[in-house]
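Read off the chains here:
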Amino acid sequence: MGDARPVVQREVVSFVRRSARMNPSQEKAWRDHADWVLRVPTGQRSTSVAPDAHLDWADAFGRRAPLVVEVGGGTGDVIAAVAALHPERNHVAFEVFEPAVASTLSKCARAGVDNVRVVVANGVEGLTTLIPDAALAELWTFFPDPWPKKRHHKRRLVSPAFAALAARKLAADGVWRLATDDPGYAEAIRAVLDAEPALVNRFDGWAPRWQDRPHSRYEAKGIAAGRAIRDLCYGIREGVRQ
Ligand SMILES: C[S@@+](CC[C@H](N)C(=O)[O-])C[C@H]1O[C@@H](n2cnc3c(N)ncnc32)[C@H](O)[C@@H]1O
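Just so we're clear, the structure is a prediction, and the values are computed from it rather than from any experiment. Residue numbers here run from 1 along each chain, matching the order of that chain's written sequence. Per-residue local features of the predicted model are confined to residues with pLDDT of at least 70, and side-chain atom pairs are confined, for both listing and counting, to 80 or more; whole-chain, interface and lining totals are unaffected and use all residues. For side-chain calculations, the full set of non-hydrogen atoms in the structure is used, while hydrogens and water are omitted.

Let's shift gears to the pattern of salt bridges. We define a salt bridge as a contact between a side-chain nitrogen of Lys or Arg and a carboxyl oxygen of Asp or Glu at a distance within 4 Å. Considering all chains together, one arrives at 12 salt bridges under this definition. Between Asp-32 and Lys-28 there is a salt bridge, with the nearest N and O atoms lying 2.5 Å from each other. You can see Asp-32 and its partner Lys-28 sitting in helix α1 (residues 24–32), four residues apart, about one turn around the helix. For Arg-227, the salt bridge is made with Asp-181, and the minimal N-O distance between the two is 3.0 Å. Of this pair, Arg-227 sits in the loop between α8 (217–224) and β8 (230–236) while Asp-181 sits in the loop between β6 (170–180) and α7 (183–195); the two residues are 46 residues apart in sequence, bridging distant segments of the chain. Burial classes: relative accessible area under 20% of the type maximum marks a residue as buried, over 50% as exposed, and values in between as partly exposed (1.4 Å probe, protein chains only). By relative accessible area, which is 39% here, Arg-227 ends up partly exposed. One continuous salt-bridge network, built from bridges that share partners, spans Glu-88, Arg-89, Glu-138 and Arg-177. Helix and strand assignments follow DSSP, with helices taken as H or I runs no shorter than four residues and strands as E runs no shorter than two, numbered in order from the N terminus.

Written as structure tokens, this is what we have:
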């Protein structure tokens, strides 16, 4: 007799979830700002998004506004600062690491912003399921984990499939902003995005540093180690959205 247990297919993901232990100030932020964390039904993993999950963004923010999504926001250095600069936009971070989400909440509180919401989930699934097509004013992927070993490249967030997904979610005038301090990943990202027919580079090669973007913890580490920071900015090719 064969084993009757169903075979569970484990998808390759771009993260390893570490211990979710929080320090006292992160615990406090988590409690104080629980209403900024949006709950969604999960799927196979605790970080999955159930395929039939739905979020009403106007309801989540209490208003309709241009939507900006960050995948892998880490401790929220960028989203808290940029949300303060752009109160006219609704900002959403997908982040799998709960202590980092708690730090994001306290940075947002310190910045005095109320236009950030966080979903503790895999951003690939979040984008796929929770974000309507052609809805994004901006998508951000800043300092995604570089997974430098060749055998781990399949874990990299920015892949041809992710580029196609991003292109589907961006509005006709939407932009995808990226940055990395890993030279190999920078070249690989550029090649992947150049190969996606729906996307077009907004600059001639590397983008200038986006002036609204503050230095995040990861960027600071890259700079301290003497690595060059590469920015990229892509939009939707003319004629793709009719
Ligand atoms: C290297 S850190 C960079 C964080 C931040 N962007 C910065 O510049 O400081 C990458 C972050 O992405 C998160 N992450 C990786 N893959 C993710 C995914 N598929 N969905 C949500 N978060 C993800 C990790 O947990 C980690 O916090």
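Moving on from the model shown.
When two rings of Phe, Tyr or Trp (its six-membered ring) have centres within 6.5 Å they constitute a pair, described as stacked for plane angles under 30 degrees, edge-to-face for angles over 60, and tilted for the intermediate range. Counted under the stated rule, the structure contains five aromatic pairs. When the ring of Trp-57 is compared with that of Phe-61, the centres are 6.4 Å apart and the planes differ by 35 degrees; the resulting orientation is tilted. With Trp-57 and Phe-61 both in helix α2 (residues 57–61) and four residues apart, the pair spans about one turn of that helix. In this structure Trp-57 comes out as buried when scored by relative accessible area, which is 8%. Assessed through its relative accessible area of 9%, Phe-61 is described here as buried.

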